[in-house]
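Each chain, letter by letter, is given below.
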Amino acid sequence: MLAGYDTLITTVALGAILAYSFYVVLMAGQLSLGQAGFASLAAYTSTLVVPTEPLFGSLSPVLIGIPVGALVGGAAAFVLGLPVLRLRGVFLAIATIAFGEMVRVFMTNAEWTRGALGMRLDKWVTIDLAWIVVAVLAYLFWRLGPSRTGRAFAAVREDELAAGSMGVDVVRTRMASFVGSGMIAGVYGVMFAYFFGRITPGSFDFGLMMDGLVTAVLGGYLVFFGPVLGAGFLSAVPEGLDATGLEAGWVYPFFTGLLLLAVILFLPGGLSSLFLRRRRRPKPVELTDAERAGLFAGYSEPGTEIARVRGLGKSYGAVQAVRSVDLELKSGEILGVIGPNGAGKTTLINMLSGLEPPTSGEGEVLDVKLGQTGRSHRFARAGVSRTFQHSKLFNRLSAFENVLVGTHVKVKGTFLKRLLWLPSARREEHLALAVAWEQIRRVGLEDRAHLRPGSLSYGDQRRLEIARALASYPELLILDEPAAGMNHVEAGELAELIGSLAADGITVLLIEHNVKMVLDTCTRVVVMNFGEVIASGEPREVATDPKVVEAYLGAEDTGESQYV
Amino acid sequence: MLQQLANGVFSGAIYALFAIGFTLVFGILRHLNLAHAAIFTAGAFVGIELATRSGIPLWLLLPIVAAAGGIAGVLLERVAFRPLAGRDDEHFAGLISSVAFGSVLIALLQARYGTEPQSFPSGYFPNQLYEIAGVRVTLVQLLTLGLALALMLGLAWLVSKSSLGRSMRAVAENPTAARVVGVNVGRVTAGTYALSSSLGAVAGVLLSINLGQANRDLGLSIELIGFAVIILGGLGSLWGAMAAGLILGLAEALTIHLFDSTWKGLVAFALLFAVLVLRPKGLFGSVRVREV
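About the thresholds
Think of each chain on its own: its residues are numbered from 1, step by step along the sequence as written. To label them, take the chains in the order written and letter them from A, then take the ligands in the order written and number them from 1. Local features in this predicted model are restricted to residues of pLDDT 70 or higher, and side-chain atom pairs are both shown and tallied only at a pLDDT of 80 or more, whereas totals for entire chains, interfaces and linings draw on every residue. Strands are runs of DSSP state E lasting at least two residues, helices are runs of H or I lasting at least four, and both sets are numbered from the N terminus onward. The size measure is the radius of gyration over C-alpha atoms, and the globule rule it meets is 2.2 Å times the number of residues to the 0.38 power. Buried residues are those with 20 or more other C-beta atoms within 10 Å of their own C-beta, exposed residues have 12 or fewer, and partly exposed residues lie in between; C-beta atoms are placed from the backbone. Two residues qualify as being in contact provided that their C-beta atoms, derived from the backbone, are within 7 Å of each other. Strand pairing requires that DSSP identify at least two bridges connecting the strands. To define axes, lines are fitted to C-alpha atoms, for helices over the stretch in contact only, and angles between the resulting N-to-C directions are given on a 0 to 180 degree scale. Only buried Ala, Val, Leu, Ile, Met, Phe, Trp, Tyr and Cys residues enter a nonpolar core, and they are joined through C-beta atoms within 7 Å. The domain boundaries here were taken from an automatic or database domain assignment. Under the scheme applied here, ten amino acids are nonpolar (Ala, Val, Leu, Ile, Met, Phe, Trp, Tyr, Cys and Pro), four are charged (Asp, Glu, Lys and Arg), and all others, including Gly, are polar. Here is the rule for angles: anything less than 35 degrees is roughly parallel, anything more than 145 is roughly antiparallel, 65 through 115 is roughly perpendicular, and the remaining ranges are oblique. Two helices that cross are described as forming a left-handed crossing if the nearer one is turned anticlockwise from the farther one by less than a right angle, and a right-handed crossing if clockwise. The predictor rates its confidence in each residue with pLDDT, a number between 0 and 100.

Summing up its helical and strand segments, chain B has 11 helices and four strands in all. In summary, chain B has a C-alpha radius of gyration of 19 Å against a globular reference of 19 Å for 292 residues, a match within 12%. Taking the principal axes of the C-alpha coordinates as reference, chain B spans close to 55 × 45 × 35 Å. Relative to its 292 residues, chain B shows a buried fraction of 52%. Relative to all contacts within chain B whose residues are 6 or more apart in sequence, the contacts with residues 24 or more apart total 78%.

Here it is, written out as structure tokens:
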């Protein structure tokens, strides 16, 4: 039945391979369009090493070309990635397009490539070989999806800052997806060359890249078989059009254009999202006693110093957001930071969690020195976890998956182990699921675990962010205005939750405008104004400090504050 | 040498005219509109058909093409961008939907005009040649240059001085705040697309006049050059796009003069690449880095 369709079916496989090279960057949220350049470099390099005779008398010589292609493509992506991965979004897209065009012009002008005339090669790629490569790729991405690495990709796609704060090394994750894309594009280049038997520099142009991108988007970049589906569909359309007698040259681009438009407007997850089962409620997983004991291992003794900063300052141009702050944090305390808007509270905790480097002063948090940018994952790995003033949740993941990302620093990498079906992968995944369950239950969201953050109430979103932060079993938890937008019942429950964290041995740094809550919950309070610490001490002392009353609480008389 | 530089200025003016439409949409709405090249191509085909069928003069033809481009722009905004507003993947999805819109448009052009290049009727514009300081220029080239400059200055005036321009800048700064103070954001968005697309369509006619013909791939090469222009100039900067268009035209002319025409493509992209890596906000831009 398939006789006569060999070429078509092999083309589907090639289209899928190209689409996978887009899939791997899109799933990490990177819009890279350098694949044509990688494919071109790989294809031309492979012509230097692929022998003209079958290996051992029967094996296709492309079996040598494929690893070479992957190597060349991956290496090219790495070298290109070093300068361009500082860019994001359209800037990254345009820089990578420029790379592809430069490769094309270079190949056209080089002598050994025979320029625009191109090279003739033997056709060594068979239908079986093409589909074996597709199957290997599909298997890789199937195992990648629910692994720790797969979750890191998704987290980087949804929100880089939040991903970093959960311990994901954003720079490495982006580079990994970029190099992966280069490797797959390299394999594609070699397969292309030895399937069609001819390459020219123009074989790998901007148009090819758009085809790959379209295939990946059409199939969907959230499910591992999306690229295959996209490639199959794009090849089926002209066959179907032939069958109905519509053969004019414009009909195919017209229909694929309409199809793509319809998919992106009405089915953002691509065709493969049609095959996704409906979001089910995740099944509860319980922590074993051994796992629970392991989670709290390594916590500092109550009362030891876990953070200390001296003369910390931050200025943005002429604006001095924080000036010369001295601060210590002792294990087990709940430190409240209060102060009027613009007092520098958020800037202070951004420095403490590694999001921004200080411009003056120095300090250490859990033995990590303040100072480097883009290294917030180091702080997370050392045991700092935080929430954000404006929730930074991963919008296209479920509430439960959000919390799962939080377990990043508590479980070991599982991608390679999952590839080999090692039992340790199952153990690590069990730990991740159980931790996520524990925390989502702790904040009372277990019956909404399958929903996306966007469909949760404001207060629920804040609680979800806390659960995500707790899933890393932090030693130091930093909460940036967690009660903002909560009613007083919710705020009361939150205060209780914070109190219970301290009982677990977690140190809490709480920024909050709800002064009553701070005074009730915290063991120590720091008051900031105009970037400086103006008072610090026990809640009761601070609340009656005349400087504080004047600067912040706003009462005219210097007597007892209404909050005490 | 001088001759080549003059040619560089002419093509640079067309690059700039193409790119300011591109950059206008990005600067104000943060959309990377990949259908711009298709509208550019459509402008050229519509212009040729009008000239062939009715023989109307150029001064009348250009406004008609501009109007057609404007309508296409409004349609594009309605179909490919408005439905995505507020979605998590708004920017990425807009990029894809504009690619889709562009390929549908090109397919329709193919349906009507086939795959053969279309030409202006012979003698449609005077073949007059001038020689200035040893440089030969045609009347058409001078016209193109003058018109491109006039349109760019007109756009710059519109954005900086008119009330539509003020609303545009308000939307660029903060769409929500603009809505709060009574700017009709939907209308400004549609207006921006209309303006951008009519400039693109006119640029298409001008290029095809200079080439004498147009084919389906007319937009493809200029789209890549358009990226280079808007990055060099700084995404969203009108003056930057104009200057960068001219610089690129000149740089290409110089490359052809010094090396070989096959290396032409490398200059634009090497420049682009260097600017992106060394100075991502562009040579003239002050726009912050935007994310898709």
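Right, let's get into the overall build of chain A. Secondary structure assignment for chain A yields 22 helices and 12 strands. For chain A, the spread of C-alpha atoms along the principal axes amounts to about 90 × 50 × 45 Å. Burial statistics for chain A: of 564 residues in total, 52% are counted as buried. Restricting to contacts in chain A with at least 6 residues of sequence separation, those with at least 24 account for 73%.

Bringing the sheet that holds strand E9 (residues 476-480) of chain A into the picture now. Strands in a sheet are paired, the pairing made by backbone hydrogen bonds, and the direction either parallel or antiparallel. All names here are of chain A. Here six strands make up an open sheet; going across it, the order is E8-E9-E10-E5-E11-E12 and the pairing mixed. Strands with a single pairing partner mark the edges of an open sheet, and in this sheet they are strand E8 (384-386) and strand E12 (532-537). If you compare each strand with its neighbour and ignore which way they point, the axes differ by 20° on average. Two elements, strand E5 (residues 334-338) and strand E11 (residues 524-529), share four bridges in a ladder whose sense is parallel. Opposite Leu335, over in E11, you have Arg524 as the bridge partner.

A:Ile17, A:Met191, B:Ala16 and B:Leu17 are the most contacted members of the largest nonpolar core, which totals 276 residues. When residues of this core are assigned to their parent elements, the largest contribution, 15 residues, is made by helix H1 (residues 2-29) of chain B. Mapped onto the domain boundaries, this core takes at least three residues apiece from domain 1 (6-205) and domain 2 (296-553) of chain A. Among residues more than four places away in sequence, those in contact with A:Ile17 are A:Val133, A:Val134, A:Leu137, A:Ile184, A:Val187, A:Tyr188 and A:Met191.

A few words on the sheet that holds strand E6 (residues 360-365) of chain A. In spatial order, the strands read E4-E3-E6-E7 (chain A); together these four strands make up an open sheet with antiparallel pairing. The open sheet is flanked by strand E4 (319-330) and strand E7 (368-369) of chain A, the only strands paired with a single partner.

What follows is about the interface of chain B and chain A. Counting residues at the interface gives 39 residues for chain B and 36 residues for chain A. The set of elements that each furnish at least two residues to the side of chain B that touches chain A consists of helix H4 (90-113), helix H9 (218-233) and helix H11 (264-278) of chain B. Take the side of chain B that touches chain A: its biggest share by element is 14 residues, from H4(B). Classifying every residue of the side of chain B that touches chain A by side-chain character gives 28 nonpolar, six polar and five charged.

It is worth spelling out the domain arrangement of chain A at this point. Residue and element names in this part refer to chain A. Once the domains are mapped, chain A shows domain 1 (6-205) and domain 2 (296-553). Of note, the centres of domain 1 and domain 2, computed from C-alpha atoms alone, are 40 Å apart. Residue-level contacts link 22 residues of domain 1 with 26 residues of domain 2. Put simply, the parts of the chain that give the side of domain 1 that touches domain 2 at least two residues each are helix H5 (127-144), helix H6 (148-158), helix H7 (160-165) and helix H8 (170-196). In terms of residue count, the dominant contributor to the side of domain 1 that touches domain 2 is H6 (eight residues).

Relative to the helices and strands, B:Gly21 is located in helix H1. If sequence neighbours within four positions are ignored, B:Gly21 has contacts with B:His36, B:Ser196, B:Ser197, B:Leu199 and B:Gly200.

The next thing to look at is the environment of A:Arg172. Assignment of secondary structure puts A:Arg172 in helix H8. Taking C-alpha positions, A:Arg172 is 33 Å from A:Tyr194, a pair spaced 22 residues apart along the chain.

Residues and elements named next belong to chain B. Contact pair H1 / H9: the axes reach a minimum separation of 9 Å and the direction vectors enclose 65°. Judged by the angle between their axes, H1 and H9 are roughly perpendicular. Seen from above, H1 lies across H9 with right-handed handedness. On the side of H1, the interface is formed by Tyr15, Ala16, Phe18, Ala19, Phe22, Thr23 and Phe26, while H9 contributes Ile222, Ile225, Gly226, Val229, Ile230 and Gly233. Of the residues assigned to the contact of H1 with H9, the class counts are 10 nonpolar, three polar and no charged.

All names here are of chain A. Contact pair helix H1 (residues 6-26) / helix H10 (residues 226-243): the axes reach a minimum separation of 8 Å and the direction vectors enclose 135°. If you check the angle between H1 and H10, you find them oblique. By crossing handedness, the relation of H1 to H10 is classed as right-handed. Where H1 abuts H10, its residues Leu8, Thr11, Val12, Gly15, Ala16, Ala19, Tyr20 and Tyr23 lie against Gly226, Pro227, Val228, Gly230, Ala231, Gly232, Leu234 and Ser235.

Attention now moves to the confidence of the model for chain A. Residues and elements named next belong to chain A. For chain A, the mean per-residue pLDDT works out to 88, and 96% of the residues sit at or above 70. Per-element averaging of pLDDT across chain A places helix H22 (residues 546-553) at the bottom with 74 and H8 at the top with 95. Counting interchain partners and residues more than four positions distant, the pLDDT-below-50 stretch residues 557-564 has 16 contacts.

Residue and element names in this part refer to chain A. With phi around 45°, Ser324 is a residue other than glycine that occupies positive phi space. For Ser324, the position within the fold is in strand E4. Judged by C-beta crowding, with 14 C-beta atoms within 10 Å, Ser324 ranks as partly exposed. One non-glycine residue, Tyr473, adopts positive backbone phi at about 40°. If you trace the backbone, Tyr473 turns up in the loop between helix H18 (458-470) and E9.

For helix H12 (residues 289-296) of chain A, the tally of buried residues reaches only zero of eight residues, placing the bulk of the element at the surface. Following H12(A) by one or two positions, A:Gly298 has its phi on the positive side, about 90°.

This brings us to the confidence of the model for chain B. Residues and elements named next belong to chain B. On average, residues of chain B score 86 in pLDDT, and 95% of them are at 70 or above. Scored below 50 in pLDDT, residues 286-292 shows 22 contacts in the model against residues more than four places distant or in partner chains. For this predicted complex, the interface confidence score (ipTM) comes to 0.89, while the overall pTM stands at 0.89.

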